[in-house]
Each structure stands twice: as C-alpha cells, then as structure tokens.
Amino acid sequence: MQKFLKNVSIFLMLIVTLVGLSACSQHSYGNVEVSTKEFNRIKTEKRDISALITDLQRFKYDDKETYNHVVNDVNKLNNELKPGLNNNQRNQLDKALGDNPTGIIGIVKNAIANKYNFDDEVASQFHANFRIILDLTAYPLGNSAEQRNKIETQIRKDINLDSELYKIGSN
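Since this is a predicted model, take the numbers as computed values, not measurements.

Asks: Help me out: how do you make sense of the pairing of strand E2 (residues 32-35) in this one?
Replies: Side chains on a regular strand alternate between the two faces of the sheet. Side chains Val-32 and Val-34 project from E2 onto a buried face, and the interleaved Glu-33 and Ser-35 project onto a face without burial. Across 4 bridges, strand E1 (residues 26-29) lies against E2 in antiparallel orientation. The residue bridging Tyr-29 from the neighbouring strand is Val-32, located in E2.

Here it is as structure tokens:
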C-alpha cells in the first residue's frame, strides 16, 4: 500500500510539474494566449514601432541623420514583420513602409526633396500606414480575426499609437 501511495504521489507531482511547465511557456497578451516566442516577438515589434514613431517625430528635412534613423527603423521593422506573412501581406507591408509616394520612406524622401517638415496632412498618411503595420504585426500571432484584433488593440494601447502619431504633425 505504501509503495502504491508513493507511486501515485510521484505520478501526481509529475503531472503538476508538466502542467506548471506548460503554463510557463504561455503568456497572455490582449487576452489572447501566446507562446513565449510570440510574446517576445510582440515586445520587439512594439519597441521597434515606437522607435520608428519617435524618429518620425524627430525628423527634420535638412538633417540627414534623422533620415538615416527612419530608414534603419523601417528596415528593421520590415525584416521582423515579414516572417509569417503571405506574399500579398508582404506587398502591403512594402507599400506601407516603402519608397512609393505614400509609403513611409517615400514620404520622408519627398519631404527632403521639397524641403518641408511634416504637417497634419502629411501625418495623416502615417496613420493609414501604421494601421496596416499593426494589422500585419498581429496577423501571424492570432488564430482568428478576433484574436488578431485583440492583439492589435493591445499594441495600439501599449504604445499609445494615436497620440504619438498626432505628435508627428504638430512639430
């Protein structure tokens, strides 16, 4: 009987340990369960989106260094976001971040060429681009549109996106 109880207690401790370990590898973000790898990806992407916004706020058309910061941020974000996206989504990301007239790099290059800093009208295009960026950030992380929406909403709140984007046009 004692041997039986010992075996049962060992079995129960093993079960508790396994449950504990599986719980440790899961995180909740925006009320969505994500793995540790996905959680770390979210943290990295939030940090890099915030860095891009900050560098857009600091951008001056006559300061090459501010341009270089924006380009580096865009390239970093582009490389981080592409894994897990399909070709259509990659094209959307390229359009939002890229060198075309409405992409972030295109807007910045146009500002340099025409010697202006951003105003409210130019900043409104950044809002559209960041909607795409956040949507594509959440896409590989959620299993449904509802989960992706929750993740996107949480990222938006965490980086105070709307408020930070409005600062771009107010400088």
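Don't stop here, the text continues.
Asks: Honestly, the packing of helix H2 (residues 36-58) against helix H8 (residues 161-169) in this entry has me stumped. Any pointers?
Replies: Each packed pair of helices is defined by two parameters, the angle between the axes and the distance between the axes. One can describe the packing of H2 onto H8 by two numbers: an axis separation of 8 Å at closest approach and a directional angle of 25°. When the interaxial angle is binned, H2 and H8 end up roughly parallel. Crossing handedness for the pair H2 and H8: left-handed. When H2 is examined against H8, the residues Ile-53, Leu-56 and Gln-57 are found in contact with a partner set consisting of Leu-161, Glu-164, Leu-165, Lys-167 and Ile-168.

Asks: I'm lost on the packing of aromatic side chains in this one. Help?
Replies: Inspection of the entire model under this criterion finds 3 aromatic pairs. Between the aromatic rings of Tyr-29 and Phe-39, the centroid separation amounts to 6.4 Å while the plane-to-plane angle is 70°, which identifies the pairing as edge-to-face. Linking Tyr-29 in strand E1 with Phe-39 in helix H2, this pair joins segments that are 10 residues apart in sequence.

Criteria and cut-off values
Residues numbered from 1 in each chain as written. Predicted model: local features only at pLDDT ≥ 70, side-chain atom pairs only at ≥ 80, totals over all residues. Heavy atoms only, no water. Buried < 20%, exposed > 50% of the residue type's maximum accessible area, 1.4 Å probe, protein only. Helix = DSSP H or I, 4+ residues; strand = E, 2+ residues; numbered from the N terminus. Pairing = 2+ DSSP bridges. Axes fitted to C-alpha atoms, helices over the stretch in contact; angles between N-to-C directions. Parallel < 35°, antiparallel > 145°, perpendicular 65-115°, else oblique. Left-handed = near helix turned anticlockwise from the far one by under 90°. Contact = heavy atoms within 4.5 Å. Phe/Tyr/Trp six-rings, centres within 6.5 Å; stacked < 30°, edge-to-face > 60°.

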